[in-house]
Amino acid sequence: MKLLIASDIHGSAYWCRKLISAFENSGAEKMLLLGDILYHGPRNDLPDEYAPKAVISMLNPLKEKLLCVRGNCDTEVDQMVLSFPVMAEYAYVYADGLRIFATHGHKFNCENLPPLSNGDILLHGHTHIPANEDHGSYTYVNPGSVSIPKEGSAHSYIILENRAFTFYSLE
């Protein structure tokens, strides 16, 4: 399965449009969103073209193609306007023979590990910094942020295909 993985849209209609275009052009079967879909939170500046209602209208038509976990900026009221589930703290995803623990990263992360088996992938966003790190018994992967990248990183996402995580820029 070819899977597009992204995190931290934070209500940016501008970057959400770019992400959806990348998804449509990628040939990916599903898009996995790692939380912080509609709101920017008190620690972040407003992202480009901040328009949560526009993001809702762009993502809801894709509901059959979306897999999501809840971020620290996502709330129950968001679930009331989104047509796809977003309230799960984590999800196990099995793709290309990999067992992936997908979460946002504010609860489970490299400092607070979830239950992982040898060879698992810990996949999360939250930091807005891309990563692909071998930690011995597990691999940590982070797609960075769609709308508010940090530490000089690009507006980014990942494609998982043939057991490989490939990073792409939306710029």
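Trainee: Tell me what's going on with the overall build of the protein, and back it up with residues and numbers.
Mentor: The secondary structure content of the protein amounts to three helices and ten strands. In sequence order, the secondary structure elements of the protein are arranged as β-α-β-α-β-α-β-β-β-β-β-β-β. Compactness check: the protein gives a C-alpha radius of gyration of 15 Å against a globular reference of 16 Å for 171 residues, within 12% of the reference. C-alpha atoms of the protein, sized along the principal axes, occupy 40 × 35 × 30 Å. Within the protein, the fraction of its 171 residues that count as buried is 50%. Taking contacts inside the protein between residues at least 6 apart in sequence as the whole, the part at least 24 apart equals 56%. Taken together, the 13 basic and 20 acidic charged side chains of the protein have centroids lying 5 Å from each other.

Trainee: Describe the sheet that holds strand E6 (residues 120-124), and please don't skip the residues or the numbers.
Mentor: Taken in spatial order, the five strands line up as E4-E5-E6-E8-E7 in an open sheet, and their pairing is mixed. Single-partner strands in this sheet number two, and they are strand E4 (90-95) and strand E7 (131-134). Geometrically, the sheet is characterised by an average inter-axis angle of 20° between neighbouring strands, direction not taken into account. Strand direction decides the pairing type here: strand E5 (residues 98-103) and E6, joined by four bridges, are parallel. Counted as the bridge partner of Ile100 is Ile121 from E6.

Trainee: Give me the lowdown on a nonpolar patch on the surface, citing residues and values where you can.
Mentor: A contiguous nonpolar patch, built from Val77, Met80 and Val81 and spanning about 310 Å² of accessible area, is present on the exposed surface. Position of Met80 among the secondary structure elements: in helix H3 (residues 76-81). The class of Met80 is exposed, set by a relative accessible area of 69%.

Trainee: Before we move on, could you go through the environment of Ile20 and cite the residues and values that matter?
Mentor: As for its position among the elements, Ile20 is in helix H1 (residues 13-26). Judged by relative accessible area, Ile20 falls into the buried class, the value being 9%. As for Ile20 and Met31, which are separated by eleven residues in sequence, their C-alpha atoms are 9.2 Å apart. Apart from the residues within four sequence positions on either side, Ile20 is in contact with Met58, Leu59 and Leu62.

Trainee: Give a detailed account of helix H2 (residues 52-59), specifying residues and quantitative values.
Mentor: Buried residues of H2: Pro52, Val55, Ile56, Met58 and Leu59, and no others. For H2, the buried positions fall inside an angular range of 165° around the axis, keeping them on one side. Against H1, strand E2 (30-33), strand E3 (66-68) and H3 lie the buried residues of H2.

Trainee: How would you sum up the pairing of E4? Please name residues and give values.
Mentor: Sheet analysis places E4 next to E5, joined by six bridges and oriented antiparallel. Along E5, the bridge assignment pairs Tyr92 with Phe101. What sits between the antiparallel neighbours E4 and E5 is a turn of two residues, in which Asp96 has the positive phi angle 55°.

What counts, and where the lines are drawn
- The written sequence of each chain sets the order in which its residues are numbered from 1.
- Local features in a predicted model are, by the rule used here, given only for residues with pLDDT of at least 70; side-chain atom pairs are given and counted only at 80 or more, and totals for whole chains, interfaces and linings are based on all residues.
- Hydrogen atoms and water are omitted, and side-chain values are computed over all heavy atoms in the structure.
- The helix count covers DSSP runs of H or I at least four residues long, the strand count covers runs of E at least two residues long, and both are numbered beginning at the N terminus.
- Throughout, radius of gyration means the C-alpha value; the globule benchmark is 2.2 Å times the number of residues raised to the power 0.38.
- When a residue's accessible area, from a 1.4 Å probe over protein chains only, is under 20% of the maximum for its type it is buried; when over 50% it is exposed; and in between it is partly exposed.
- Note on contacts: a residue pair qualifies if any of its non-hydrogen atoms lie within 4.5 Å across the two residues.
- In this tally, Asp and Glu contribute negative charge and Lys and Arg positive charge; neither His nor the terminal groups of the chain are included.
- By convention, the point assigned to a charge is CZ for Arg, NZ for Lys, CD for Glu and CG for Asp.
- Paired strands, in this sense, are two strands between which DSSP finds at least two bridges.
- Geometry is summarised by axes, namely lines fitted to C-alpha atoms with helices restricted to the contacting stretch, and by angles between N-to-C directions that run from 0 to 180 degrees.
- A patch is a set of surface residues, each over 30% in relative accessible area and not in a salt bridge, joined within 9 Å for like charges and within 5 Å for the nonpolar side chains Val, Leu, Ile, Met, Phe, Trp and Tyr.
- Each accessible area is a Shrake-Rupley estimate made with a 1.4 Å probe; only the visible protein chains count as cover when residues are assessed.
- Should a side-chain nitrogen of Lys or Arg be within 4 Å of a carboxyl oxygen of Asp or Glu, the pair is scored as a salt bridge.
- It is the directions from the helix axis to the C-beta atoms that the arc portrays.

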